[in-house]
Amino acid sequence: MVKYYTPFIYWIDTTGLDWQSDEIIHLTITDLFGNIVFSHLFKPEIVKSWDPTQQGFHITPQDVTNQSALNNYLPTIQKFFDQADTLIGFGNKNFEDLFLQLAGIKLPQMMEVDVQQQLFRRYQLFDHTPSIYEFADYFHYSLNLETATYIDYPQAVAYCYCQILEKYTN
């Protein structure tokens, strides 16, 4: 049986920046081509109010009022993570992974790529930790702060990851 290479890109939005007290309110998973595998808003179980300007999409408490809690999707989300050969994120090792693990997602032991850190540390393309907008601009990917949707960020990560593979690896 042939095992196919299945990388997934994932992006979360949260009620804040503290992984111990804030909650995930959005998750999108795409394949390497930017096709949506999973995308959903979640109603937080504990946090009732937050500053929507802290995330890229300005998700408000009203936006998630009629959504189900993340716990209702854990088996489905876990299945996607378990199917992946590679997990690719942007700031995932220091942010997203902590939130996912606290929510109950078991991240498989596999290759995990934090593209933000790759650009900053490994390839030294920036002298600071780049934002997703700087990252996209560097690789000539159109990502507009005013018009970006839930899928635009992981699609930008997918595109730019492929650019890194093409330009900086053998």
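Structure: above.
Cut-offs and rules
Residues numbered from 1 in each chain as written. Predicted model: local features only at pLDDT ≥ 70, side-chain atom pairs only at ≥ 80, totals over all residues. Heavy atoms only, no water. Core = buried A, V, L, I, M, F, W, Y, C linked by side-chain atoms within 4.5 Å. Buried < 20%, exposed > 50% of the residue type's maximum accessible area, 1.4 Å probe, protein only. Helix = DSSP H or I, 4+ residues; strand = E, 2+ residues; numbered from the N terminus. Contact = heavy atoms within 4.5 Å. Pairing = 2+ DSSP bridges. Arc of directions from axis to C-beta. Phe/Tyr/Trp six-rings, centres within 6.5 Å; stacked < 30°, edge-to-face > 60°. Lys NZ or Arg CZ within 6 Å of the ring centre and 35° of its normal.

**Q** Describe in detail the nonpolar core, supporting the description with residues and values.
**A** The biggest cluster of nonpolar side chains holds 24 residues, and the ones touching the most others in it are Ile88, Val115, Leu119, Ile132, Phe135 and Val157. Those elements that place two or more of their residues in this core are strand E1 (7-14), helix H3 (115-122), helix H4 (132-138) and helix H5 (152-168). Broken down by element, this core gets its largest block of residues, 7 residues, from H5. Apart from the residues lying within four places of it in its own chain, the contact partners of Ile132 are Trp11, Phe90, Leu143, Tyr153 and Val157. Membership of the second largest hydrophobic core comes to 20 residues, among which are Ile24, Leu27, Phe80 and Phe99.

**Q** Which residues make up the pairing of strand E4 (residues 86-89), and what are the values?
**A** In regular strands, side chains alternate between the two faces of the sheet. Residues of E4 alternate between two faces, with Thr86 and Ile88 on one and Leu87 and Gly89 on the opposite face, all of them buried. The pairing of E1 with E4 spans 3 bridges and is classified as parallel. Across the sheet, residue Ile9 finds its bridge partner in E4, namely Ile88. With 4 bridges connecting them, E4 and strand E5 (residues 111-114) associate as parallel partners. Across the sheet, residue Gly89 finds its bridge partner in E5, namely Asp114.

**Q** Report on helix H2 (residues 92-103), specifying residues and quantitative values.
**A** Taken together, the buried positions of H2 are Asn92, Glu96, Asp97, Phe99 and Leu100. Buried residues in H2, looked at end-on, bunch into an arc of 155°, giving them a common side. Looking at the buried side of H2, the elements it contacts are E1, strand E2 (24-31), helix H1 (74-83), E4 and E5. Just past H2, the residue Gly104 takes up positive phi, approximately 110°.

**Q** I'd like a rundown of the packing of aromatic side chains, residues and numbers included.
**A** Taken as a whole and judged by the stated rule, the model has 14 aromatic pairs. Ring geometry for Tyr10 versus Phe81: centroids 5.3 Å apart, planes at 80°, classification edge-to-face. Of the two residues, Tyr10 is situated in strand E1 and Phe81 in helix H1; the sequence distance between them amounts to 71 residues. With 5.0 Å between their ring centres and 40° between their planes, Phe90 and Phe135 make a pair best called tilted. With Phe90 in the loop between E4 and H2 and Phe135 in helix H4, this residue pair connects regions lying 45 residues apart in the sequence. With a relative accessible area of 8%, Phe90 lands in the buried category. Its relative accessible area of 0% is what places Phe135 among the buried residues. A network of ring pairs unites the aromatic residues Trp11, Phe90, Tyr133, Phe135, Tyr138, Phe139 and Tyr153 as a single cluster. Above the ring of Phe80, the side-chain terminus of Lys79 is found at 5.9 Å from the ring centroid.

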